[in-house]
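Coordinate inspection notes
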Amino acid sequence: MGNNDWIVLNHIIYQIHSLEDLTRMRELLMEQLHILMDYDSADFWLSSPDGLNKLVEPVFHNESPNIEDIYMDNLYALDYAKGLLLSGKNMIYRESDMIPDDQRVNTEFYKKYFEPAGWHHGLNLILGYRQKFLGVLAFYRDKGKPNFQYEDTFILEMLKDHLEYRLHKNWIEESHGEEKIGVAECTRRYGLTRREETILEHLLQSEDNDVICKQLFITNNTLKKHILNLYQKMEVSSRMQLFKKVKEER
């Protein structure tokens, strides 16, 4: 790395700790890492705050807007690295380190996730603290390009501890936030319809969209409209914010 690269890296570290908006921090992180690393697409997911170790709140760099639904609704169960994602340990690995390329290209996950996007190589940074999974940052290179090398993993090594600290700090702050309210109180306070109340209950159980649709006999587009109305009434913009605001009633 040259002097200019170290300056960029230092600025990235400063923003990891100084930007209050976690989503904006992650967006800028991927934008600026593109100066130091060659990649075609990237995503940064967080773990769900409900303790179920699911992936939520993704931000993307150069990816299709519906990739969240494609992955979570259809491919999450096929991901051969899912066990590593949820281990709660910090780890940096390339997709080819998991499975040799001649075998990986024949997996259902590769054919349904990598191949349609034109990707072939992947580099992942899993973030965790004391067995608590915090999030995963993934980078992709298109087919025909060289694989990620030591220089790329070195950059992530320099950022790993800073990102772990920031995500863990954010998790602690959220877990000690304002007192949550129940579903019934949400319905009364925000004027939810009976259908919105039902969908809220399903969302709090961390059910995937396709599961909710099957149980309620509605299409995915109809569900998304209900969720959008629900978010607007409750003044949130994501499931994570919903989890922070509402307690699940068992």
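Conventions adopted
Residues numbered from 1 in each chain as written. Predicted model: local features only at pLDDT ≥ 70, side-chain atom pairs only at ≥ 80, totals over all residues. Heavy atoms only, no water. Helix = DSSP H or I, 4+ residues; strand = E, 2+ residues; numbered from the N terminus. Buried < 20%, exposed > 50% of the residue type's maximum accessible area, 1.4 Å probe, protein only. Contact = heavy atoms within 4.5 Å. Areas by Shrake-Rupley, 256 points an atom, 1.4 Å probe, with all protein chains shown as cover. Salt bridge = Lys/Arg side-chain N within 4 Å of Asp/Glu carboxyl O. Axes fitted to C-alpha atoms, helices over the stretch in contact; angles between N-to-C directions. Parallel < 35°, antiparallel > 145°, perpendicular 65-115°, else oblique. Core = buried A, V, L, I, M, F, W, Y, C linked by side-chain atoms within 4.5 Å.

**Details of the overall build of the protein**
- Summing up its helical and strand segments, the protein has 13 helices and five strands in all.
- Across the 250 residues of the protein, 48% fall into the buried class.
- Partitioning the intrachain contacts of the protein with sequence separation of at least 6 by distance along the chain shows that 62% fall at a separation of at least 24.
- Put simply, the protein shows about 12,900 Å² of open surface, and 49% of that area lies on carbon and sulfur atoms.

**As for the pattern of salt bridges**
- As enumerated under the stated definition, the model contains 11 salt bridges in all.
- Among the ionic pairs, Glu185 bridges to Arg188, the shortest N-O distance being 2.5 Å. Here Arg188 and Glu185 lie together in helix α9 (residues 183-190), a separation of three residues that amounts to about one turn.
- Residue class for Glu185 comes out partly exposed when judged on its relative accessible area of 23%.
- Among the salt bridges present, the one from Glu196 reaches Lys233, with a minimum N-O distance of 2.8 Å. With Glu196 in helix α10 (residues 194-204) and Lys233 in helix α12 (residues 220-234), this pair connects stretches of sequence that are 37 residues apart.
- Residue Lys233 is classed as partly exposed on the basis of its relative accessible area of 31%.

**What about the packing of helix α1 (residues 3-18) against helix α2 (residues 22-36)?**
- In the contact formed by α1 and α2, the axes pass within 10 Å of each other and the chain directions differ by 170°. By the angle between their directions, the pair α1 and α2 is classed as roughly antiparallel. Together, Asp5, Val8, Leu9, His11, Ile12, Gln15 and Ile16 of α1 and Met25, Leu28, Leu29, Gln32, Leu33, Ile35 and Leu36 of α2 make up the contact between the two elements.

**Overview of the nonpolar core**
- By size, the foremost hydrophobic cluster in this structure holds 31 residues, and its most contacted members are Leu33, Met37, Phe44, Phe139, Leu159 and Leu163.
- Mapped by element, the contributors of at least two residues to this core are α1, α2, β1 (41-47), β2 (55-61), β4 (119-129), β5 (132-142) and α8 (150-175).
- Ignoring sequence-local partners within four residues, the contact set of Leu33 consists of Ile12, Tyr39, Leu137, Phe139, Ile155 and Leu159.

Nothing here speaks to function; it is all geometry.
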